[in-house]
Amino acid sequence: MNIDDAGLTLADPDAYADEDRLHTALRVLREQDPVHWVDPRPDFNPFWAVTRHSDLLEVERQNEKFINEPRPILVKAEQDRHTAENGQMLRTLVHIDDPEHKRMRSVVADWFRPRALRELDVDIRRLAKRYVDKMADLGGECDFVREVTVDYPLYVILSLLGLPESDFPRILQLTQELFGIDDEELQRGRSPEELMQVLLDFFDYFKQITADRRANPTGDLASTIANARIDGEHLSDLDTASHYVIIATAGHDTTSSTIAGGLHALVAHPEERERLRRDPELIPTAVEEMIRWVTPVKEFMRTATTDCELGGKRIGAGESLLLCYPSANRDEAVFDDPFRFDVGRDPNRHLSFGFGAHVCLGATLARMEARAFFAELLPRLDWAEAAGEPQWSSTTFVGGLKHLPLRYRIR
Ligand code: HEM
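As the structure is a prediction and not an experimental result, all values here were calculated from the model.

*Asks:* With reference to specific residues and values, describe the overall build of the protein.
*Replies:* Helices and strands together make up the secondary structure of the protein, namely 18 helices and 14 strands. Against the compact-globule benchmark of 22 Å for 411 residues, the protein has a radius of gyration of 21 Å, which places it among compact chains. For the C-alpha atoms alone, the extent of the protein along its principal axes is close to 60 × 60 × 35 Å. Expressed as a percentage of its 411 residues, the buried residues of the protein come to 57%. Within the protein, residue pairs in contact and separated by at least 24 positions form 72% of the contacts whose partners lie at least 6 positions apart. Within the protein, the 72 negative side-chain charges are centred at a point lying 4 Å from the centre of the 50 positive side-chain charges.

See the structure below:
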């Protein structure tokens, strides 16, 4: 594959559904031109593809030189144009920079600290058991993604928010429509107008939640968001809704992709599954390896605020950089044998949760959920094998397996 084709691969949603193709391109980029100018016009606006672990870290560390606004993720050029004309449809934590970012992040940060989350541990274990029980009830064969993992992290996060179970299907749909925008099976529409409609539906929904929690404050995260004040004022409707949307959506496709991709890797590497079963103390390193292996978030972007240099390239002020996490996580300079799935890998300096000011707020929660799930599943799972071809979602942003047909015996 030549270097320009390798660069263009990063802007092709279907490439992310074909791991061999994606990793062939990433290897070419890392080896030949690790900070590479990609021009996928007319579909997408151009960007620098940053593919080495060390360069990604250098960008993420300098959040004044490389900022999230106005282009935090890769979207179609048509969508960039719509944003330039109308402003961002959402202003979540990933859309804003300091000092505003710091203030907004502090509204919810306490909820995601390890000590606060420890109180949730019992609930998470109970939910993990419920989903492993469900797998058992399915009678030895299922589509593990659609029937098991897709709901589990959703339940955890929406319980934290305090939203009623009857609203879960709606939130699931929102996530899939926002993140599955490039995947025909998951999307409602592709145009900025259709996407706007999805968001407007949800703004209405969250507006009611805000009104309710302001009138009747409770002890849940939704109430914290609704009643937060910055400089004495409640957050605007847009900021409130943006907080709900990112918390309700960021934490489940990512976590369910980790669990599904992790189980797929264990089925494909039975010796690693056996190793883990014999030594459950390895669950934390195994989960870390699953998060590296799957890398559910494919990219975030930054825009340079000044002319500068990165990896020997001149980056102009206003140019955007695409942080290619799947590439950093297979970087031969950092990981021994990066294409080996090793449940005992330690150290494991993966960048799946990003780094720096925007580092994933839900990393501790995601780890707890995956650990609880495998701690429940592994002692009960006698064997498992593929019952059909797995399928990955087409997306340049968040994704992983969308179908994982499995046959198994479980107690
Ligand atoms: C941000 C990955 C689970 C909430 C991020 C970022 C990444 C990421 C790469 C951007 C980091 C950066 O720009 O440097 C993941 C992965 C997950 C996961 C791989 C699962 C394995 C969760 C969960 C939540 C969550 C469970 C819970 C609500 C957030 C939020 C942000 C974020 C709110 C924005 C932080 C900010 O911009 O300040 N995540 N995430 N994530 N994540 Fe996660």
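Here the narrative resumes.
*Asks:* How would you summarise the packing of aromatic side chains if you had to cite specific residues and measurements?
*Replies:* Two measures describe an aromatic ring pair: the distance that separates the ring centres and the angle between the ring planes. As enumerated under the stated definition, the model contains 13 aromatic pairs in all. Each ring, one from Tyr 131 and one from Tyr 152, has its centre 5.8 Å from the other, and the planes form 50°; the classification is tilted. Of this pair, Tyr 131 sits in helix α7 (residues 121-137) while Tyr 152 is found in helix α9 (residues 152-161), placing the two residues 21 residues apart along the sequence. Ring centres of Phe 373 and Phe 374 lie 5.8 Å apart, and the angle between their planes is 80°; this geometry places the pair in the edge-to-face category. Note on accessibility: Phe 373 and Phe 374 belong to one class, buried. One Lys or Arg, Arg 292, reaches over the ring of Phe 335 and ends 5.2 Å from the middle of that ring. When the ring centre of Trp 293 is taken as reference, the NZ or CZ atom of Arg 330 above it lies at 4.6 Å.

*Asks:* Quick rundown of the pattern of salt bridges? Include the residues and the values.
*Replies:* Scanning the entire structure with this criterion turns up 30 salt bridges. The salt bridge involving Lys 313 is made with Asp 33; its shortest N-O contact spans 2.6 Å. Of the two residues, Lys 313 is situated in strand β9 (residues 313-315) and Asp 33 in the loop between α2 (19-32) and β1 (35-38); the sequence distance between them amounts to 280 residues. Owing to a relative accessible area of 17%, Asp 33 belongs among the buried residues under this scheme.

*Asks:* Let's hear about the coordination of the iron atom of the ligand: which residues, and what values?
*Replies:* In ideal tetrahedral geometry, four donors around a metal make angles of 109.5 degrees, whereas ideal octahedral geometry with six donors gives angles of 90 or 180 degrees. If you check the protein contacts of the iron atom of the ligand, you find one donor only, Cys 360 (SG), at 2.3 Å. If you trace the backbone, Cys 360 turns up in the loop between α17 (325-328) and α18 (363-377).

*Asks:* Give me the lowdown on the side chain of Asn 68, citing residues and values where you can.
*Replies:* When you line up the elements, Asn 68 lands in the loop between β3 (66-67) and α4 (77-86). Taking relative accessible area as the criterion, Asn 68 reaches 1% and is therefore assigned buried. Side chain to side chain, Asn 68 and Arg 302 meet in a polar contact 3.1 Å long. Leaving out residues up to four positions away in the same chain, Asn 68 has contacts with Val 94, Ile 96, Asp 97, Met 301, Arg 302 and His 358.

*Asks:* Kindly report on the pairing of strand β14 (residues 405-410), identifying the contributing residues and their values.
*Replies:* Across three bridges, strand β4 (residues 141-143) lies against β14 in antiparallel orientation. The residue bridging Asp 143 from the neighbouring strand is Pro 405, located in β14. Strand direction decides the pairing type here: strand β11 (residues 381-386) and β14, joined by five bridges, are antiparallel. Residue Ala 386 lies in a different strand from β14, and its bridge partner there is Leu 406.

*Asks:* Just give me the short version of the site of the ligand, but keep the residues and values in it.
*Replies:* Neighbouring the ligand are 27 residues; Glu 60, His 101, Arg 105, His 358 and Cys 360 lie closest to it. At a separation of 2.4 Å, an oxygen atom of the ligand approaches a polar side-chain atom of Glu 60. A distance of 3.5 Å separates an oxygen atom of the ligand from a polar atom in the backbone of Leu 93. Where the shell around the ligand is concerned, the elements lending two or more residues are α5 (100-108), α13 (237-250), α14 (253-268) and β7 (299-304).

The rules behind each value
Residues numbered from 1 in each chain as written. Predicted model: local features only at pLDDT ≥ 70, side-chain atom pairs only at ≥ 80, totals over all residues. Heavy atoms only, no water. Helix = DSSP H or I, 4+ residues; strand = E, 2+ residues; numbered from the N terminus. Rg over C-alpha atoms; globule rule 2.2 N^0.38 Å. Buried < 20%, exposed > 50% of the residue type's maximum accessible area, 1.4 Å probe, protein only. Contact = heavy atoms within 4.5 Å. Lys, Arg positive; Asp, Glu negative; His and termini not counted. Charge placed at Lys NZ, Arg CZ, Asp CG, Glu CD. Phe/Tyr/Trp six-rings, centres within 6.5 Å; stacked < 30°, edge-to-face > 60°. Lys NZ or Arg CZ within 6 Å of the ring centre and 35° of its normal. Salt bridge = Lys/Arg side-chain N within 4 Å of Asp/Glu carboxyl O. Donors = N, O, S within 2.8 Å, 3.2 Å for Na, K, Ca; no water. Polar contact = N/O pair within 3.5 Å; in protein donor to acceptor, adjacent residues only side chain to side chain. Pairing = 2+ DSSP bridges. Near = heavy atom within 4 Å.

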